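Given next are the chains, with one letter for each unit.
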Amino acid sequence: MNTVASATGLTVAALDGTVILDRIDLELPAGATTALVGASGAGKTTLAHAFLGHLGIGLLRTAGAVEVTGRDPFDPAQRRRLRGRATAYLPQDPLSALDPRRTVRAQLHTAARTAHPREARTARDAKIREAARAAALEPELLRHRPAQLSGGQAQRVLLAWTLIARPRLIILDEPTSGLDADTAHRVGAAFTDLPWRPAVLLISHDRGLVARTADRRFTLTDGVLQAQARRPAARTAPAAPPRPRAERETGPVPAVEASGVTIRRGRRLLLEDASLTLAAAGMIAVQGPSGSGKTSLARALCGHLRPEAGRLRVHGSPVDWDAAVRARAAAPFLAYVGQDARAALNPHETARRTLDRAFAAADRHGRAGAWDAEALVDRLGLPAAVLDRTPDRLSGGQRHRVALARALAAGPAALVCDETTAALDAATRRRLLDLLDHLRDLAGPPILLMTHQDDVAARADRVLTLTEGRLR
């Protein structure tokens, strides 16, 4: 079997001596999908980055070697020859990887020119159309800039970029975390039978995706890699819709009430005359296909996007749609926890400093809570050591939980979570949802969940569906 990439005796440690990867031996053969699973923070992304010749800040390779197509990616000169040609990486935070100033079509043209410089423009255009179709990317999205994309759409743009480049090694880090089930199936099918037979390294908490697509499966636990027997995909009937819990008793005034909300993205109508009522200590889940407008609704409620029409009340009082206007008026704060945690966190600021600033803002506005930084990260299943790390020294799942901790520390009037649990393993997801339930029991903020995960939606008092511009 032709080996495209390999790690031999690879050991990576933090500056304090903590071993992140312990003598890893792994071969990635051509034409095979190798799945890497494990708990959030186990080191999966660190191993993936090693095949790119990159380690996070504060990490050192203390032993071992890595090769990709016979080259050492840790050698700067050889790494330049590999990037974008022999290797491609689809990260957990896709919007951060796209140029915010350029349209999707322009960025895919750049990928085509880089990978196929001698081809005519018509041939490159054909490759772009083929890649967009394989990545389940709607043609109209090619005209959009990244700010107009949902998280799931941005993931598919980067997948299309990868398919255009035709690299020998493809690394996919949670490629379906922001996608609905149907689109996730289509994306999964896109990289399992590629005609140029690349090696694919798949990092995912999506058990169904791993079962359907992986030829080989490895588990990473406490820095140690173990092979697992491949499990055939189970043939099961479609899952029944989650059964919402009985809605809690509330007072006469809703915590959040939005009515007549209409949102457009360019000429496309995303949401028309929608209404939503979130009770005190309540939890509502909103589901719908990727790109249906869930993120736009979430951002509008939190003051980051002004709808074309609509009214918003918080605790019975009118609130402006603009977050800056809300801040000047000392209006209630609605916290948004988005899909791209890397972009949301200050790259130069430790998690402790991030939380301290949120606590200070809550104090200034009389919203102080009962927890300190250590207690909050502990409840979110994070080790205390993360408090002294910057975002680049955290795993994707850890970054998402730090972003959630910051939102909670700010003492919001409501919490809006946009696929916050998508990059987490099942055990960590349950722990986080347990915490949100506990907060509601303590009369904490009401919660709006945008999610594709049925087990997450099942925790809600009520489940709404957003599709074809209607919220029902």
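Residues numbered from 1 in each chain as written. Predicted model: local features only at pLDDT ≥ 70, side-chain atom pairs only at ≥ 80, totals over all residues. Heavy atoms only, no water.

Novice: Is there a simple way to explain the packing of aromatic side chains in this structure?
Specialist: Centre-to-centre distance and the angle between the planes together describe a pair of aromatic rings. All chains considered together, the criterion is met by 0 aromatic pairs. When the ring centre of Phe74 is taken as reference, the NZ or CZ atom of Arg61 above it lies at 4.2 Å. (Phe/Tyr/Trp six-rings, centres within 6.5 Å; stacked < 30°, edge-to-face > 60°. Lys NZ or Arg CZ within 6 Å of the ring centre and 35° of its normal.)

Novice: Would you take a moment to explain the sheet that holds strand 3 (residues 33–37) for this structure?
Specialist: The strands making up a sheet are joined through hydrogen bonds of the backbone, oriented either antiparallel or parallel. A sheet is described by the order of its strands in space; here 6 strands give the open sequence 5-6-7-3-8-9, paired in mixed fashion. Of all strands in the sheet, those bounded by a partner on one side alone are strand 5 (87–90) and strand 9 (224–228). The average undirected angle you get between the axes of adjacent strands in this sheet is 20°. When strand 6 (residues 169–173) meets strand 7 (residues 199–203), the two strands line up parallel, connected through 5 bridges. Across the sheet, Ile171 pairs through a bridge with Leu201, a residue of strand 7. The sheet strands contacting helix 5 (residues 151–165) are strand 5 and strand 6, and the helix crosses strand 5 at an angle near 170°. (Pairing = 2+ DSSP bridges. Helix = DSSP H or I, 4+ residues; strand = E, 2+ residues; numbered from the N terminus. Axes fitted to C-alpha atoms, helices over the stretch in contact; angles between N-to-C directions. Contact = heavy atoms within 4.5 Å.)

Novice: Sorry if this is basic, but what is going on with the side chain of Arg156 here?
Specialist: Relative to the helices and strands, Arg156 is located in helix 5. Once residues within four sequence positions are removed from consideration, Arg156 is found in contact with Ala135, Ala136, Leu137, Glu138, Leu179, Thr183, Val187 and Ser290.

Novice: What should I look at first to understand unusual backbone geometry in this one?
Specialist: Residues other than glycine predominantly adopt negative phi, and peptide bonds predominantly adopt the trans conformation. Residue Arg23 is not a glycine yet carries a positive backbone phi of 50°. For Arg23, the position within the fold is in strand 2 (residues 19–29). Positive phi, normally seen in glycine, also occurs at Arg166, with a value near 50°. Following the sequence through the fold, Arg166 ends up in the loop between helix 5 and strand 6. A relative accessible area of 35% means that Arg166 is categorised as partly exposed. (Buried < 20%, exposed > 50% of the residue type's maximum accessible area, 1.4 Å probe, protein only.)

Novice: Explain the nonpolar core here, please?
Specialist: Nonpolar side chains in soluble globular proteins tend to end up buried together. Leu355, Leu380, Leu404, Leu408, Leu415, Leu436 and Leu449 are the most contacted members of the largest nonpolar core, which has 39 residues in total. Tallying contributions element by element places helix 13 (residues 396–409) first for this core, with 7 residues. Apart from residues lying up to four places away in sequence, Leu355 is in contact with Ala373, Val377, Leu387, Val402, Ala405, Arg406 and Ala409. (Core = buried A, V, L, I, M, F, W, Y, C linked by side-chain atoms within 4.5 Å.)

Novice: Where do I start with a positive patch on the surface in this structure?
Specialist: Residues Arg105, Arg113, Arg121, Arg129, Arg133, Arg143 and Arg267 make up a contiguous surface patch of positive charge. When residues of the positive patch are traced back to their parent elements, those giving at least two are helix 3 (104–115) and helix 4 (121–134). For the positive patch, the element with the highest residue contribution is helix 4, accounting for 3 residues. Within the secondary structure layout, Arg267 lies in the loop between strand 10 (256–265) and strand 11 (268–278). For Arg267, a relative accessible area of 85% gives the class exposed. (Patch = residues over 30% accessible without salt bridge, like charges linked within 9 Å, V, L, I, M, F, W, Y side chains within 5 Å. Areas by Shrake-Rupley, 256 points an atom, 1.4 Å probe, with all protein chains shown as cover. Salt bridge = Lys/Arg side-chain N within 4 Å of Asp/Glu carboxyl O. Lys, Arg positive; Asp, Glu negative; His and termini not counted. Charge placed at Lys NZ, Arg CZ, Asp CG, Glu CD.)

Novice: Sorry if this is basic, but what is going on with the sheet that holds strand 1 (residues 3–14) here?
Specialist: Strand order in the open sheet formed by 3 strands is 2-1-4, and the pairing between neighbours is antiparallel. Every other strand in the sheet has two partners, leaving strand 2 and strand 4 (59–68) as the edge strands with one partner each. In this sheet, adjacent strand axes meet at a mean angle of 0° when their direction is disregarded.

Novice: Looking at this structure, how should I read empty space enclosed by the protein?
Specialist: Empty space among the atoms becomes visible once a probe the size of a water molecule is rolled across them. Counted under the stated rule, the structure contains 5 cavities of 30 Å³ or more. The computed volume of the largest cavity comes to approximately 100 Å³. Split by residue class, the lining of the largest cavity holds 4 nonpolar, 7 polar and 1 charged. (1 Å grid on protein atoms, 1.4 Å probe; cavity = no way out; pocket = protein on both sides within 12 Å on 5 of 7 lines; lining within 4 Å. Points joined across faces, edges and corners; volume = space filled by probe spheres on them. Nonpolar A, V, L, I, M, F, W, Y, C, P; charged D, E, K, R; others polar.)

Novice: Hey, could you run me through helix 14 (residues 426–441) in this one?
Specialist: Since there are 3.6 residues in each turn of an α-helix, residues three or four apart along the chain are aligned in direction. Given a rise of 1.5 Å per residue, 16 residues ought to cover 22 Å, and the 23 Å separating the end C-alpha atoms of helix 14 matches this to within 8%. Looking only at helix 14, the buried set comprises Ala426, Thr428, Arg429, Leu432, Leu433, Leu435, Leu436, Asp437, Leu439 and Arg440. Two to three positions downstream of the cap, the backbone nitrogen of Ala427 sits 3.2 Å from a side-chain oxygen, assigning the N-cap of helix 14 to Asp425. Looking one or two residues past helix 14, Ala443 carries a phi angle of roughly 65°, positive in sign. (Expected span 1.5 Å × (residues − 1). Polar contact = N/O pair within 3.5 Å; in protein donor to acceptor, adjacent residues only side chain to side chain.)

Novice: Even after reading the chapter, I still don't get helix 4, so can you show me in this structure?
Specialist: The first and last C-alpha atoms of helix 4 sit 20 Å apart over 14 residues, in line with the 20 Å expected at 1.5 Å per residue. By the burial criterion, the buried members of helix 4 are Arg124, Ile128, Ala131 and Ala132. Relative to the axis of helix 4, the buried residues are bounded by an arc of 100° and lie together on one face. Pointing more than 90 degrees away from the buried face of helix 4 are the exposed residues Thr122, Arg129 and Arg133. Along its buried surface, helix 4 packs onto helix 3 and helix 5. Ala136 sits one or two positions beyond helix 4 and adopts a positive phi of about 60°. (Arc of directions from axis to C-beta.)

Novice: Would you explain the packing of helix 3 against helix 5 in this entry?
Specialist: Any two packed helices are characterised by how steeply their axes cross, that is the angle between the axes, and by the distance between the axes. Packing of helix 3 against helix 5 brings their axes to within 8 Å, and their N-to-C directions diverge by 20°. Considering their axes alone, helix 3 and helix 5 lie roughly parallel with respect to each other. The hand of the helix 3/helix 5 crossing is right-handed. Of helix 5, the residues touching helix 3 (which contributes Val104, Gln107, Leu108, Thr110, Ala111, Ala112 and Ala115) are Val157, Ala160, Trp161, Ile164 and Ala165. Taken together, the residues that form the contact of helix 3 with helix 5 break down as 10 nonpolar, 2 polar and no charged. (Parallel < 35°, antiparallel > 145°, perpendicular 65-115°, else oblique. Left-handed = near helix turned anticlockwise from the far one by under 90°.)

Novice: Explain the packing of helix 3 against helix 4 here, please?
Specialist: The N-to-C vectors of helix 3 and helix 4 enclose an angle of 120°; their axes lie 10 Å apart at closest approach. Here helix 4 runs oblique to helix 3, going by the angle between their axes. Note on packing geometry: the crossing formed by helix 3 with helix 4 is right-handed. Contacts between helix 3 and helix 4 involve Leu108, His109, Ala112 and Arg113 from the former and Arg121, Arg124, Asp125 and Ile128 from the latter. Residues that form the contact of helix 3 with helix 4 fall into these classes: 3 nonpolar, 1 polar and 4 charged.

In short, geometric facts, not functional conclusions.
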